[in-house]
Amino acid sequence: MPADFVIAIDGPAGSGKSSTARAVARALSLAHLDSGALYRAVTLAALRRGVPIEEGRLHALSQSGAIRLVLKNDEFVPTLGGVDVSTDVRSEAVTADVSAVAAMPLVRDWVNGELRRAARQHNRGVVVDGRDIGTVVFPDARLKVFLTAEVSERARRRAIQDGGSLESADIHALGEVIAARDDADSTRAVAPLRPAPDAVVIDTTAISFAAQVEQIAGLARRVHVD
Ligand code: DC
(Lines give C-alpha, C1' and ligand atoms only; values in the text may rest on other atoms or scores of the structure.)
Protein backbone atom coordinates (compact mmCIF):
# COMPACT_ATOMS: atom_id res chain seq x y z
CA MET A 1 0.00 0.00 0.00
CA PRO A 2 1.31 3.51 -0.78
CA ALA A 3 2.91 5.74 1.86
CA ASP A 4 -0.06 8.10 1.91
CA PHE A 5 -2.51 5.30 2.54
CA VAL A 6 -4.53 6.39 5.59
CA ILE A 7 -7.46 4.59 7.15
CA ALA A 8 -9.37 6.82 9.59
CA ILE A 9 -11.35 5.19 12.39
CA ASP A 10 -13.40 7.59 14.51
CA GLY A 11 -16.01 7.04 17.18
CA PRO A 12 -17.01 7.75 20.77
CA ALA A 13 -15.29 6.58 23.97
CA GLY A 14 -15.43 2.83 24.45
CA SER A 15 -16.51 2.03 20.89
CA GLY A 16 -13.40 -0.12 20.54
CA LYS A 17 -11.66 2.22 18.08
CA SER A 18 -8.13 1.76 19.32
CA SER A 19 -8.16 -2.02 19.66
CA THR A 20 -9.95 -2.30 16.31
CA ALA A 21 -7.52 0.08 14.62
CA ARG A 22 -4.56 -1.84 16.05
CA ALA A 23 -5.94 -5.17 14.79
CA VAL A 24 -6.79 -3.75 11.35
CA ALA A 25 -3.26 -2.32 11.08
CA ARG A 26 -1.83 -5.72 11.96
CA ALA A 27 -4.03 -7.52 9.44
CA LEU A 28 -2.86 -5.17 6.67
CA SER A 29 0.79 -4.71 7.79
CA LEU A 30 0.24 -0.99 8.38
CA ALA A 31 1.25 1.12 11.38
CA HIS A 32 -1.24 2.10 14.10
CA LEU A 33 -1.56 5.63 15.41
CA ASP A 34 -3.84 6.37 18.39
CA SER A 35 -4.47 10.12 18.33
CA GLY A 36 -6.12 10.13 21.77
CA ALA A 37 -2.80 8.97 23.25
CA LEU A 38 -1.21 12.25 22.12
CA TYR A 39 -3.89 14.37 23.85
CA ARG A 40 -3.33 12.17 26.87
CA ALA A 41 0.45 12.69 26.67
CA VAL A 42 0.01 16.49 26.73
CA THR A 43 -2.26 16.08 29.76
CA LEU A 44 0.21 13.76 31.51
CA ALA A 45 3.09 16.17 30.84
CA ALA A 46 1.08 19.03 32.37
CA LEU A 47 0.18 17.00 35.47
CA ARG A 48 3.76 15.77 35.98
CA ARG A 49 5.32 19.18 35.49
CA GLY A 50 2.69 21.13 37.42
CA VAL A 51 1.70 23.16 34.36
CA PRO A 52 -1.80 24.63 34.75
CA ILE A 53 -4.47 23.40 32.30
CA GLU A 54 -4.50 26.66 30.33
CA GLU A 55 -4.33 26.88 26.57
CA GLY A 56 -1.27 29.15 26.29
CA ARG A 57 0.71 27.12 28.83
CA LEU A 58 -0.20 23.80 27.19
CA HIS A 59 0.59 25.13 23.74
CA ALA A 60 4.07 26.11 24.94
CA LEU A 61 4.49 22.73 26.62
CA SER A 62 3.47 20.84 23.47
CA GLN A 63 5.92 22.86 21.40
CA SER A 64 8.80 22.31 23.83
CA GLY A 65 9.81 19.06 22.13
CA ALA A 66 9.26 17.02 25.31
CA ILE A 67 6.36 15.01 23.84
CA ARG A 68 6.98 12.90 20.77
CA LEU A 69 5.47 10.00 18.88
CA VAL A 70 7.96 7.19 18.31
CA LEU A 71 7.40 4.24 15.98
CA LYS A 72 7.92 0.89 17.76
CA ASN A 73 6.97 -2.35 16.00
CA ASP A 74 4.45 -0.61 13.76
CA GLU A 75 2.85 1.19 16.70
CA PHE A 76 3.33 4.93 17.26
CA VAL A 77 3.79 5.32 21.02
CA PRO A 78 3.76 8.61 22.97
CA THR A 79 7.01 9.49 24.74
CA LEU A 80 7.71 12.14 27.36
CA GLY A 81 11.33 13.19 27.71
CA GLY A 82 12.22 10.16 25.57
CA VAL A 83 10.43 7.66 27.84
CA ASP A 84 7.52 5.55 26.56
CA VAL A 85 4.42 6.70 28.48
CA SER A 86 1.83 4.60 26.64
CA THR A 87 0.72 2.96 29.91
CA ASP A 88 0.96 6.09 32.08
CA VAL A 89 -1.35 8.07 29.78
CA ARG A 90 -4.21 5.67 30.63
CA SER A 91 -4.28 6.76 34.32
CA GLU A 92 -7.50 8.04 35.91
CA ALA A 93 -5.94 11.43 36.59
CA VAL A 94 -5.16 11.87 32.89
CA THR A 95 -8.62 10.61 31.86
CA ALA A 96 -10.23 13.16 34.18
CA ASP A 97 -8.47 16.16 32.58
CA VAL A 98 -8.00 15.13 28.95
CA SER A 99 -11.37 16.34 27.59
CA ALA A 100 -10.53 19.90 28.70
CA VAL A 101 -7.10 19.66 27.04
CA ALA A 102 -8.57 18.25 23.81
CA ALA A 103 -11.01 21.19 23.62
CA MET A 104 -8.14 23.71 23.17
CA PRO A 105 -7.66 24.77 19.52
CA LEU A 106 -3.91 25.44 19.88
CA VAL A 107 -3.32 22.00 21.38
CA ARG A 108 -5.41 20.45 18.59
CA ASP A 109 -3.33 22.24 15.93
CA TRP A 110 -0.15 20.88 17.45
CA VAL A 111 -1.51 17.33 17.76
CA ASN A 112 -2.79 17.40 14.16
CA GLY A 113 0.63 18.48 12.87
CA GLU A 114 2.29 15.65 14.79
CA LEU A 115 -0.23 13.10 13.47
CA ARG A 116 0.34 14.19 9.86
CA ARG A 117 4.11 14.14 10.35
CA ALA A 118 3.97 10.63 11.85
CA ALA A 119 1.75 9.34 9.03
CA ARG A 120 4.27 10.55 6.44
CA GLN A 121 7.08 8.65 8.22
CA HIS A 122 5.62 5.21 7.61
CA ASN A 123 6.29 3.72 4.22
CA ARG A 124 3.27 1.43 3.96
CA GLY A 125 0.54 3.57 5.52
CA VAL A 126 -1.30 4.01 8.80
CA VAL A 127 -4.55 3.28 10.56
CA VAL A 128 -5.34 6.34 12.68
CA ASP A 129 -8.05 6.37 15.33
CA GLY A 130 -9.69 9.27 17.14
CA ARG A 131 -12.65 11.63 16.99
CA ASP A 132 -11.89 13.95 14.06
CA ILE A 133 -9.49 11.93 11.94
CA GLY A 134 -11.80 11.60 8.91
CA THR A 135 -13.35 15.06 9.32
CA VAL A 136 -10.33 17.28 10.11
CA VAL A 137 -6.93 15.57 10.31
CA PHE A 138 -7.02 13.39 7.20
CA PRO A 139 -10.03 14.56 5.15
CA ASP A 140 -8.53 12.70 2.15
CA ALA A 141 -8.18 9.36 3.97
CA ARG A 142 -8.76 6.45 1.58
CA LEU A 143 -11.20 4.82 3.96
CA LYS A 144 -13.18 6.42 6.80
CA VAL A 145 -14.97 4.34 9.37
CA PHE A 146 -17.15 5.60 12.22
CA LEU A 147 -17.67 3.02 14.97
CA THR A 148 -20.63 3.27 17.30
CA ALA A 149 -22.10 1.03 20.01
CA GLU A 150 -24.81 1.47 22.61
CA VAL A 151 -23.63 3.20 25.80
CA SER A 152 -24.39 0.17 28.02
CA GLU A 153 -22.32 -2.08 25.77
CA ARG A 154 -19.45 0.40 25.71
CA ALA A 155 -19.57 0.59 29.51
CA ARG A 156 -19.46 -3.20 29.73
CA ARG A 157 -16.44 -3.37 27.41
CA ARG A 158 -14.64 -0.62 29.31
CA ALA A 159 -15.23 -2.45 32.64
CA ILE A 160 -13.80 -5.67 31.18
CA GLN A 161 -10.82 -3.80 29.75
CA ASP A 162 -10.08 -2.09 33.08
CA GLY A 163 -10.77 -5.22 35.16
CA GLY A 164 -13.68 -3.41 36.88
CA SER A 165 -16.98 -4.67 38.31
CA LEU A 166 -19.62 -6.04 35.94
CA GLU A 167 -22.49 -5.49 38.45
CA SER A 168 -25.36 -3.74 36.67
CA ALA A 169 -25.29 -0.71 39.02
CA ASP A 170 -21.57 -0.25 38.31
CA ILE A 171 -22.07 -0.63 34.55
CA HIS A 172 -24.87 1.92 34.75
CA ALA A 173 -22.63 4.39 36.62
CA LEU A 174 -19.82 3.86 34.12
CA GLY A 175 -22.34 4.37 31.30
CA GLU A 176 -23.21 7.77 32.74
CA VAL A 177 -19.55 8.81 32.76
CA ILE A 178 -19.16 7.64 29.15
CA ALA A 179 -22.35 9.46 28.06
CA ALA A 180 -21.09 12.66 29.70
CA ARG A 181 -17.78 12.35 27.83
CA ASP A 182 -19.65 11.72 24.54
CA ASP A 183 -21.62 14.87 25.21
CA ALA A 184 -18.48 16.91 25.97
CA ASP A 185 -16.73 15.60 22.84
CA SER A 186 -19.77 16.03 20.53
CA THR A 187 -20.82 19.50 21.60
CA ARG A 188 -17.44 21.23 21.87
CA ALA A 189 -16.80 24.14 19.52
CA VAL A 190 -13.69 22.75 17.81
CA ALA A 191 -13.68 19.47 15.87
CA PRO A 192 -16.76 17.96 17.54
CA LEU A 193 -17.20 14.21 17.34
CA ARG A 194 -19.31 13.37 14.28
CA PRO A 195 -19.02 11.01 11.31
CA ALA A 196 -17.55 12.42 8.09
CA PRO A 197 -20.20 12.50 5.32
CA ASP A 198 -18.26 9.81 3.44
CA ALA A 199 -17.61 7.56 6.47
CA VAL A 200 -18.87 3.99 6.67
CA VAL A 201 -20.81 3.82 9.96
CA ILE A 202 -20.55 0.46 11.76
CA ASP A 203 -22.62 -0.28 14.87
CA THR A 204 -20.60 -2.81 16.84
CA THR A 205 -23.11 -3.41 19.67
CA ALA A 206 -24.02 -6.88 18.44
CA ILE A 207 -21.04 -7.97 16.33
CA SER A 208 -17.89 -9.69 17.48
CA PHE A 209 -14.52 -7.96 17.59
CA ALA A 210 -13.12 -10.35 14.97
CA ALA A 211 -16.06 -9.65 12.64
CA GLN A 212 -15.67 -5.89 12.87
CA VAL A 213 -11.92 -6.10 12.22
CA GLU A 214 -12.51 -8.35 9.21
CA GLN A 215 -15.22 -6.04 7.87
CA ILE A 216 -12.90 -3.00 8.00
CA ALA A 217 -9.90 -4.88 6.63
CA GLY A 218 -12.13 -6.10 3.77
CA LEU A 219 -13.25 -2.53 3.00
CA ALA A 220 -9.61 -1.39 3.07
CA ARG A 221 -8.52 -4.11 0.64
CA ARG A 222 -11.33 -3.06 -1.69
CA VAL A 223 -10.43 0.66 -1.72
CA HIS A 224 -6.80 -0.25 -2.19
CA VAL A 225 -7.58 -2.39 -5.26
CA ASP A 226 -10.09 0.13 -6.77
O1 DC B 1 -9.80 7.98 22.86
P2 DC B 1 -9.23 8.54 24.16
O3 DC B 1 -10.09 8.27 25.35
O4 DC B 1 -7.82 8.15 24.41
O5 DC B 1 -9.22 10.13 23.93
C6 DC B 1 -8.78 11.01 24.93
C7 DC B 1 -9.46 12.37 24.79
O8 DC B 1 -8.99 13.04 23.63
C9 DC B 1 -10.99 12.35 24.71
O10 DC B 1 -11.51 13.40 25.53
C11 DC B 1 -11.28 12.67 23.28
C12 DC B 1 -10.08 13.43 22.82
N13 DC B 1 -9.73 13.19 21.43
C14 DC B 1 -10.08 14.14 20.52
O15 DC B 1 -10.69 15.15 20.88
N16 DC B 1 -9.72 13.99 19.23
C17 DC B 1 -9.07 12.91 18.82
N18 DC B 1 -8.74 12.78 17.53
C19 DC B 1 -8.72 11.89 19.74
C20 DC B 1 -9.08 12.06 21.06
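Conventions used here
Residues numbered from 1 in each chain as written. Predicted model: local features only at pLDDT ≥ 70, side-chain atom pairs only at ≥ 80, totals over all residues. Heavy atoms only, no water. Core = buried A, V, L, I, M, F, W, Y, C linked by side-chain atoms within 4.5 Å. Buried < 20%, exposed > 50% of the residue type's maximum accessible area, 1.4 Å probe, protein only. Helix = DSSP H or I, 4+ residues; strand = E, 2+ residues; numbered from the N terminus. Contact = heavy atoms within 4.5 Å. Near = heavy atom within 4 Å. Polar contact = N/O pair within 3.5 Å; in protein donor to acceptor, adjacent residues only side chain to side chain. Areas by Shrake-Rupley, 256 points an atom, 1.4 Å probe, with all protein chains shown as cover. Salt bridge = Lys/Arg side-chain N within 4 Å of Asp/Glu carboxyl O. Axes fitted to C-alpha atoms, helices over the stretch in contact; angles between N-to-C directions. Parallel < 35°, antiparallel > 145°, perpendicular 65-115°, else oblique. Left-handed = near helix turned anticlockwise from the far one by under 90°. Arc of directions from axis to C-beta. Pairing = 2+ DSSP bridges.

Quick look at the nonpolar core
For soluble globular proteins, the rule of thumb is that nonpolar side chains tend to be buried together. Counting residues in hydrophobic clusters, the biggest one holds 38 residues, and the most contacted among them are Leu58, Ile67, Val107, Leu115 and Phe138. Looking at this core element by element, the count peaks at seven residues for helix 2 (residues 35-49). Among all residues touching phenylalanine 138, those that are not within four sequence positions of it are Val6, Leu115, Arg116, Ala119, Val128, Ile133 and Lys144. If you look at the next biggest cluster of nonpolar residues, it comprises 19 residues, including Ile7, Ile9, Ala25 and Leu30.

Here's the deal with the site of the ligand
Around the ligand, 15 residues are found, and the nearest of them are Arg40, Arg108, Arg131, Asp132 and Arg188. One nitrogen or oxygen atom from the side chain of arginine 40 is found 2.7 Å from an oxygen atom belonging to the ligand. Contact distances for the ligand include 2.9 Å between an oxygen atom and a side-chain N or O atom of arginine 131. Relative to its unbound accessible surface of 450 Å², the ligand loses 97% to contact with the protein.

Here we look at the pattern of salt bridges
As enumerated under the stated definition, the model contains 14 salt bridges in all. Here glutamate 214 and arginine 221 are joined by a salt bridge, their closest N and O atoms 3.4 Å apart. Taking the relative accessible area as the measure of exposure, glutamate 214 reaches 45% and is therefore partly exposed. Note on arginine 221: relative accessible area 37%, which makes it partly exposed.

Let's talk about the packing of helix 2 against helix 5 (residues 105-121)
Running from N to C, helix 2 and helix 5 cross one another at 130°; their axes reach a closest spacing of 10 Å. Judged on the interaxial angle alone, helix 5 and helix 2 are oblique. Note that helix 2 runs across helix 5; the crossing there is right-handed. Residue-level contacts link Ser35, Leu38, Tyr39 and Val42 of helix 2 to Val107, Arg108, Trp110, Val111, Asn112, Glu114 and Leu115 of helix 5.

Overview of helix 3 (residues 55-63)
By the burial criterion, the buried members of helix 3 are Leu58, Leu61 and Ser62. Along helix 3, the residues classed as buried sweep out an arc of 95° about the axis, all on the same side. For helix 3, the exposed residues lying more than 90 degrees away from the buried face are Gly56 and Gln63. Check the buried side of helix 3 and you find it contacts helix 2, strand 3 (67-72), helix 4 (92-102) and helix 5. Positioned one or two residues after helix 3, glycine 65 has a phi angle of 90°, which is positive.

Topic: the side chain of aspartate 132
Within the secondary structure, aspartate 132 is located in the loop between strand 6 (126-130) and helix 6 (133-137). The class for aspartate 132 is buried, based on a relative accessible area of 2%. Apart from the residues within four sequence positions on either side, aspartate 132 is in contact with Asp10, Arg108, Asn112, Val137 and Ala191.

A closer look at the pairing of strand 4 (residues 75-80)
Where burial is concerned, most of strand 4 is hidden: six out of the six residues are buried. With burial as the criterion, each face of strand 4 is covered, one bearing Glu75, Val77 and Thr79 and the other bearing Phe76, Pro78 and Leu80. In terms of strand pairing, strand 2 (residues 31-34) meets strand 4 through two bridges, oriented parallel. Across the sheet, histidine 32 pairs through a bridge with glutamate 75, a residue of strand 4. The sheet contact formed by strand 3 and strand 4 spans six bridges and is antiparallel. What sits directly across from leucine 69, in strand 4, is proline 78.

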